[in-house]
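Each chain, written out:
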Amino acid sequence: MELTVLGSSGSFNGPNGEACSGYLLRAGDTAIWMDCGNGTFGHLQQHVAAEDLTAVVLTHGHPDHCADIYGLHVLLRYGLEIGGLPVYTPEGLDKQLAALVSDWGDTFDWRTIGDGDGDRIGDIDLRFSRTDHPPPTYAIEASAGGKRLVYTADTGPEWSVDAFAPGADLVLSEASYLHEHRRSAIHLSAQQAGAAAREARAQRLILTHLWPFIDRDAVLQEGAEAFGDSVTLAAQHLVTTI
Ligand SMILES: [Zn+2]
Ligand SMILES: [Zn+2]
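Note that this is a predicted model, so its numbers are computed, not measured. (Residues numbered from 1 in each chain as written. Chains lettered and ligands numbered in written order. Predicted model: local features only at pLDDT ≥ 70, side-chain atom pairs only at ≥ 80, totals over all residues. Heavy atoms only, no water.)

1. Comments concerning the packing of aromatic side chains
According to the stated counting rule, one finds 11 aromatic pairs in the structure shown. Among the aromatic residues, ring-to-ring pairing joins Phe 12, Tyr 177, Trp 211 and Phe 213 into one connected group. (Phe/Tyr/Trp six-rings, centres within 6.5 Å; stacked < 30°, edge-to-face > 60°.)

Structure, rendered in structure tokens:
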């Protein structure tokens, strides 16, 4: 599997063009866009053509994870005239998002995800787990070729990557804050993300959903100390093989 970071800015765009949450996951001919945060659609198109997407997954309804679905809708429907792209979302999110469009037409094939659900999309198997975050939010385990990625989506510390999917080859974890600067219990600090990945015996850890003005060096240090090994910070256009 190959993971491409399209954006890693936590909750809002940064002043230097940083996009919010979005990732491209590929294996063979399968291409899944995980989270369509604001700013990620432009970056996506630098890596894959919209018509070559196999599916989209929206982990939850906060705009920094789903706002760019509107751009994809316009391109597919009125530009490419393609319909039926599978979009996996928490229950009812398609109707919430429809408030800003007259209708979705047949552009998307909406599929509801719930806690413990799973599906095979092309060459990639997905499983979902409800996290500790107010709107219904789902972490994703993606498996292909004997390798596993866990993306935490947004979560507070009451959800456990260890309980969901221990021993992953890569954990892509939100780390919105430094521990002493936590602003909200619905997100993780770098320390919490590192400790959770260590508990889950993750092979590698990438920290993402970084508050735009956070001290990157301090995040790296705090995350690595808690993880017990070096960690990587997500940055747009970072590509890594799993
Ligand atoms: Zn978020
Ligand atoms: Zn959120």
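2. Notes on the layout of surface pockets
Its volume calculated, the largest pocket comes out at about 150 Å³. Only β11 (170-174) and α6 (190-199) provide two or more residues apiece to the lining of the largest pocket. A per-element tally of the lining of the largest pocket places α6 first, with 5 residues. Of the residues that constitute the lining of the largest pocket, the class distribution is 8 nonpolar, 6 polar and 1 charged. (1 Å grid on protein atoms, 1.4 Å probe; cavity = no way out; pocket = protein on both sides within 12 Å on 5 of 7 lines; lining within 4 Å. Points joined across faces, edges and corners; volume = space filled by probe spheres on them. Helix = DSSP H or I, 4+ residues; strand = E, 2+ residues; numbered from the N terminus. Nonpolar A, V, L, I, M, F, W, Y, C, P; charged D, E, K, R; others polar.)

3. Regarding the sheet that holds strand β5 (residues 85-90)
Pairing in this open sheet of 7 strands is mixed, and the strands run β6-β5-β4-β3-β2-β1-β14 from one edge to the other. Every other strand in the sheet has two partners, leaving β6 (108-113) and β14 (239-241) as the edge strands with one partner each. Averaged over all pairs of adjacent strands, the angle between their axes in this sheet comes to 20°, without regard to strand direction. Where strand β3 (residues 30-34) lies against strand β4 (residues 55-57), 3 bridges are found, and the strand directions are parallel. Bridge pairing links Met 34 to Val 57 in β4. (Pairing = 2+ DSSP bridges. Axes fitted to C-alpha atoms, helices over the stretch in contact; angles between N-to-C directions.)

4. Comments concerning the coordination of the zinc ion (ligand 1)
Of the protein atoms, only Asp 64 (OD), His 65 (NE2), Asp 154 (OD) and His 209 (NE2) coordinate the zinc ion (ligand 1), at distances of 2.1 to 2.2 Å. Here the zinc ion (ligand 1) is ringed by 4 donor atoms whose angles at the metal span 86 to 166°, and the overall shape comes out irregular. Sequence spacing of the donors to the zinc ion (ligand 1): D-H-x88-D-x54-H. Taken as an interatomic distance, the gap from the zinc ion (ligand 1) to the zinc ion (ligand 2) is 3.5 Å; Asp 154 donates to each of them. In this pair, the class of Asp 64 matches that of His 65, namely buried. (Donors = N, O, S within 2.8 Å, 3.2 Å for Na, K, Ca; no water. Tetrahedral: all angles 85-135°; square planar, octahedral: opposite > 155°, others 65-115°. Buried < 20%, exposed > 50% of the residue type's maximum accessible area, 1.4 Å probe, protein only.)

5. Describing the packing of α6 against helix α7 (residues 216-227)
Two elements in contact, α6 and α7, have axes whose closest approach is 7 Å; the angle formed by their N-to-C orientations is 30°. Compared by their axis directions, α6 and α7 come out roughly parallel. Helix-helix and strand crossings are classified by hand; for α6 and α7 the assignment is right-handed. Together, Ala 190, Gln 191, Gly 194, Ala 195, Ala 197 and Arg 198 of α6 and Val 219, Glu 222, Gly 223, Glu 225, Ala 226 and Phe 227 of α7 make up the contact between the two elements. (Parallel < 35°, antiparallel > 145°, perpendicular 65-115°, else oblique. Left-handed = near helix turned anticlockwise from the far one by under 90°. Contact = heavy atoms within 4.5 Å.)

6. Thoughts on helix α3 (residues 69-80)
Look at α3: 15 Å from first C-alpha to last across 12 residues, which is about the 16 Å you get at 1.5 Å a residue. Turning to α3, its buried residues number three or more, namely Ile 69, Tyr 70, Leu 72, His 73 and Leu 76. The buried residues of α3 occupy an angular sector of 165° when the element is viewed end-on, so they sit on one face. Away from the buried face of α3 by more than 90 degrees, exposed residues Tyr 78 and Gly 79 are located. (Expected span 1.5 Å × (residues − 1). Arc of directions from axis to C-beta.)

Any functional reading would require information that these geometric values do not contain.
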